[in-house]
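Each chain is listed here by its residues.
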Amino acid sequence: MALQLRGSHYNMEKNAKIIGLPKARAIAFYLPQFHPIPENDVWWEPGFTEWTNVSRAKPLYAGHAQPKHPADLGYYDLRVPEVRQAQAALAKEAGIEGFCYWHYWFGNNRKVLERPLKEVLESGDPNFPFCICWANESWTGVWHGASDRILIEQTYPGEEDYKSYFQDLLTYFRDKRYIRVDGKPLFVVYSPQNLPNANEFTKLFQQWAIEAGLPGLYLVSLAKNPAHLAWGFQAFGSKPPGAYIGQLVKGSWWRRRVLYRQRGLRQWKWKGLKVFNYQHFVDAELEKPLHSGELPVVVPNWDNTPRSGRNGLVLEHATPEAFGRYLRKMIELVQNRPEQERIVFIKAWNEWAEGNYLEPDKQYGRERLKVCRESILSE
């Protein structure tokens, strides 16, 4: 697919001018699934990337806004340095502090999709902060509606493999651009509950960090569970919108039906396509208290039908205005924390096949980025 960059429009110095100070440390999750890899060539088809499913998406009901089309950046390839520079320029202008890259280490030194971040590390460009989230889950065939098909299994061979992974991460932790909290590199674990012994994992990583001359690590569990603080994590996040949907399916059949209608569900059966009103989702999120150890995770939009088809979930009417209301409230909730810990994650920068992104699209242009800037930065 053609790369559509617009030359000098993305001059970093010109477009990265930010006035005011950030009210919070906004960090956007970043998906590196936008370049071909041998594994995807075998599993799906030669040249498969995230764009393959995005471009093939079809509307599944009247008024369903599919397919989604990227605007300013086009159907890019992350092997192109100018693409990464353009992304950083847009994010910086929007007040976003940095990207949190999904990182795939499956055990026994097996990793995939590491090229974009590795090239960012080795080239020193773009000069934009970043951190890493270990996406420690097996890869399945969920993109083609075959969630029971295991493509790569996530394994935990033991301490030696943990040590190999830490050594691989250490070169990133030491980079001057790496995001830190009170000097400690921020490292996120997607599913700590999958670890054979999470306490052992956090203890070993902290020990090795100290031995490497770091002041330790700021470890974050991406699971809404305060109990993970006792596992050695300094904070925890959440995985919306799954938690919201999970709440709706609790209780009796009649209760589920009533809740679905209240939330704007078109098809109230749990199996099959689920369509909710994003505005109601935001209302529900804003009603929840924020735990003292919790870092908010804000979702600007969601429609994973390009991956999951009729088994997908749609949050329709996900307007930039509703996203702004959501983001501003989460920023407000962290204001009483120490400055370094006023972290708000945004999921995500570019997860297009989940309909979960901040990058400009043909429908709203740069409006979500404008909302970020107005919400994050003090004038």
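Residues numbered from 1 in each chain as written. Predicted model: local features only at pLDDT ≥ 70, side-chain atom pairs only at ≥ 80, totals over all residues. Heavy atoms only, no water.

Peer 1: Can you lay out the environment of Val 181 for me, pointing to particular residues and giving the numbers?
Peer 2: Structurally, Val 181 can be placed in strand 7 (residues 180-181). Residue classification places Val 181 among the buried positions, given a relative accessible area of 2%. (Helix = DSSP H or I, 4+ residues; strand = E, 2+ residues; numbered from the N terminus. Buried < 20%, exposed > 50% of the residue type's maximum accessible area, 1.4 Å probe, protein only.)

Peer 1: Pulling in residues and values, what's your account of helix 10 (residues 278-287)?
Peer 2: Turning to helix 10, its buried residues number three or more, namely Tyr 278, Phe 281, Val 282, Ala 284 and Glu 285. The buried residues of helix 10 occupy one face: seen down the axis, they fall within an arc of 160°. (Arc of directions from axis to C-beta.)

Peer 1: Describe the environment of Val 334, listing the residues and the values that go with them.
Peer 2: Relative to the assigned elements, Val 334 resides in the loop between helix 12 (320-333) and strand 15 (343-346). Considering only alpha carbons, one finds Val 334 and Ser 292, 42 residues apart in sequence, at a separation of 9.1 Å. When residues no more than four places from it in sequence are discounted, the contact partners of Val 334 are Ala 24, Leu 290, Pro 296, Arg 342, Ile 343 and Val 344. (Contact = heavy atoms within 4.5 Å.)

Peer 1: Account for the layout of surface pockets, with residues named and values stated.
Peer 2: In this model, the second largest pocket occupies a volume close to 260 Å³. Along the walls of the second largest pocket sit 20 residues, with Ala 65, Lys 68, Glu 316, His 317 and Ala 318 positioned nearest its centre. For the lining of the second largest pocket, the secondary structure elements donating two or more residues are strand 13 (302-303) and strand 14 (313-316). The element best represented in the lining of the second largest pocket is strand 14, accounting for three residues. Split by residue class, the lining of the second largest pocket holds eight nonpolar, six polar and six charged. (1 Å grid on protein atoms, 1.4 Å probe; cavity = no way out; pocket = protein on both sides within 12 Å on 5 of 7 lines; lining within 4 Å. Points joined across faces, edges and corners; volume = space filled by probe spheres on them. Nonpolar A, V, L, I, M, F, W, Y, C, P; charged D, E, K, R; others polar.)

Peer 1: Before we move on, can you summarise the packing of aromatic side chains with the specific residues and values?
Peer 2: Enumeration over the complete set of coordinates arrives at 38 aromatic pairs. The interplanar angle of 45° and the centroid separation of 4.4 Å between the aromatic rings of Tyr 30 and Tyr 101 together place this pair among those described as tilted. Separated by 71 residues along the polypeptide, Tyr 30 in strand 1 (residues 25-30) and Tyr 101 in strand 2 (residues 98-105) bring together distant segments of the chain. You can call Tyr 30 buried: its relative accessible area is 0%. Classification of Tyr 101 by relative accessible area gives buried; the value is 6%. Centroid distance Phe 34 to Tyr 76: 5.1 Å. Interplanar angle 50°. Geometry classified as tilted. Pair noted here: Phe 34 is in the loop between strand 1 and helix 2 (38-43) and Tyr 76 is in the loop between helix 3 (50-56) and helix 4 (81-93), with a separation of 42 residues, a long-range link. Its relative accessible area of 2% is what places Tyr 76 among the buried residues. Here the basic side chain of Lys 239 rests over the ring of Tyr 190, its NZ or CZ set 4.0 Å away from the ring centre. (Phe/Tyr/Trp six-rings, centres within 6.5 Å; stacked < 30°, edge-to-face > 60°. Lys NZ or Arg CZ within 6 Å of the ring centre and 35° of its normal.)

Peer 1: Lay out the packing of helix 12 against helix 13 (residues 367-376) with the relevant residues and their values.
Peer 2: One can describe the packing of helix 12 onto helix 13 by two numbers: an axis separation of 9 Å at closest approach and a directional angle of 25°. With respect to their mutual orientation, helix 12 and helix 13 come out roughly parallel. Note on packing geometry: the crossing formed by helix 12 with helix 13 is right-handed. Two secondary-structure elements touch here, helix 12 through Pro 320, Phe 323, Gly 324, Leu 327, Arg 328 and Ile 331 and helix 13 through Glu 367, Arg 368, Val 371, Cys 372, Ser 375 and Ile 376. (Axes fitted to C-alpha atoms, helices over the stretch in contact; angles between N-to-C directions. Parallel < 35°, antiparallel > 145°, perpendicular 65-115°, else oblique. Left-handed = near helix turned anticlockwise from the far one by under 90°.)

Peer 1: An account of the confidence of the model for the protein chain is requested, with residue identities and associated values reported.
Peer 2: For the protein chain, per-residue confidence averages 89 on the pLDDT scale, and 85% of positions sit at 70 or higher. The low-confidence segment residues 1-18, where pLDDT is below 50, has 41 contacts with residues more than four positions distant or belonging to other chains. Between residues 250-259, whose pLDDT stays under 50, and residues either more than four places distant or in other chains, the model counts eight contacts. (pLDDT = per-residue confidence, 0-100.)

Peer 1: Got a sec to walk through the nonpolar core? Specific residues and values, please.
Peer 2: Soluble globular proteins tend to pack their nonpolar side chains together in the buried interior. Leu 186, Phe 187, Phe 205, Phe 345 and Trp 349 are the most contacted members of the largest nonpolar core, which has 112 residues in total. In terms of residue count, the dominant contributor to this core is helix 6 (residues 159-173) (seven residues). Those residues in contact with Phe 205, other than ones at most four positions away along the chain, are Tyr 162, Tyr 165, Phe 166, Leu 169, Phe 187 and Leu 217. (Core = buried A, V, L, I, M, F, W, Y, C linked by side-chain atoms within 4.5 Å.)

Peer 1: Mind laying out unusual backbone geometry, listing which residues take part and the relevant values?
Peer 2: Note the cis peptide between Gln 66 and Pro 67, where omega equals 0°. Residue Lys 347 is joined to Ala 348 through a cis peptide bond whose omega torsion reads 15°. Summarising the element assignment, Ala 348 is placed in the loop between strand 15 and strand 16 (350-351). Despite not being glycine, Asn 109 has its phi angle at roughly 60°, a positive value. Considering the arrangement of structural elements, one finds Asn 109 in the loop between strand 2 and strand 3 (111-112).

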